[in-house]
Amino acid sequence: MTKYECLFVLSTKTLDDAALEATTEKFKDLITKNGGVIENVDVWGKRRLAYPIQDETEGHYLFVESTSPPEFPAELDRIYKITDGVLRSMIVAKEEAVPAKAETEAK
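Residues numbered from 1 in each chain as written. Predicted model: local features only at pLDDT ≥ 70, side-chain atom pairs only at ≥ 80, totals over all residues. Heavy atoms only, no water.

In this section: the side chain of S68. Take S68: it is sitting in strand β3 (residues 56–68). A relative accessible area of 2% places S68 in the buried class. For S68, the residues in contact, after removing those within four places along its chain, are M1, T2, Y4, G36 and P73. (Helix = DSSP H or I, 4+ residues; strand = E, 2+ residues; numbered from the N terminus. Buried < 20%, exposed > 50% of the residue type's maximum accessible area, 1.4 Å probe, protein only. Contact = heavy atoms within 4.5 Å.)

Bringing the pattern of salt bridges into the picture now. Tallying each qualifying case throughout the model produces six salt bridges. K28 is the salt-bridge partner of E25, the closest N and O atoms lying 3.1 Å from each other. In this pair, E25 and K28 both sit in helix α1 (residues 17–33), three residues apart, roughly one turn of the helix. Classification of E25 as partly exposed rests on a relative accessible area of 30%. When its relative accessible area of 23% is taken as the criterion, K28 is described as partly exposed. (Salt bridge = Lys/Arg side-chain N within 4 Å of Asp/Glu carboxyl O.)

So, on to α1. An ideal rise of 1.5 Å per residue puts 24 Å on 17 residues; α1 measures up with 24 Å between its terminal C-alpha atoms. Inspection of α1 places L20, T23, T24, F27, L30 and I31 among the buried residues, and these make up the whole buried set. The buried residues of α1 occupy an angular sector of 125° when the element is viewed end-on, so they sit on one face. Those residues of α1 that are exposed and aimed more than 90 degrees away from the buried face are D17, A18 and K33. Against the buried residues of α1 lie β1 (2–11), β2 (37–53), β3, α2 (72–82) and β4 (86–93). (Expected span 1.5 Å × (residues − 1). Arc of directions from axis to C-beta.)

Attention shifts here to the environment of V37. Of note, V37 is situated in strand β2. For V37 and P69, which are 32 residues apart along the polypeptide, the C-alpha to C-alpha distance reads 9.8 Å. Once residues within four sequence positions are removed from consideration, V37 is found in contact with I31, E65, S66 and T67.

Along the chain, I38 turns up in strand β2. For the pair I38 and K3, spaced 35 residues apart in sequence, the C-alpha to C-alpha distance is 9.7 Å.

Let us look at α2. Of all the residues in α2, the buried ones are F72, P73, L76, I79 and Y80. The buried side chains of α2 occupy one side of the element, clustering within an arc of 120° when seen end-on. Exposed and facing more than 90 degrees away from the buried side of α2 are A74, K81 and I82. Those residues of α2 that are buried lie in contact with β1, α1, β3 and β4.

Below is the structure:
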């Protein structure tokens, strides 16, 4: 199992509040049904985009930290890309902290 951080931006023009919540739940369920464990969901809410995406200037941001099998993020990314209302998404593998050389030599 590998730790991942997922950030995705949802359209505020095409999705109302109920649809935003339903889409969020869809992705959370998708992670858990494929053997993942959600550690943290941080809803950043509606924010101004740095540049227009598909003629939209605002988006609803969500940040999800999870643990899942290494082959799952490719499938999750594919689903992000085909889901209506998802403007952008990014999945990053979280590296484990490596102790500094001085700490390991002291032990």
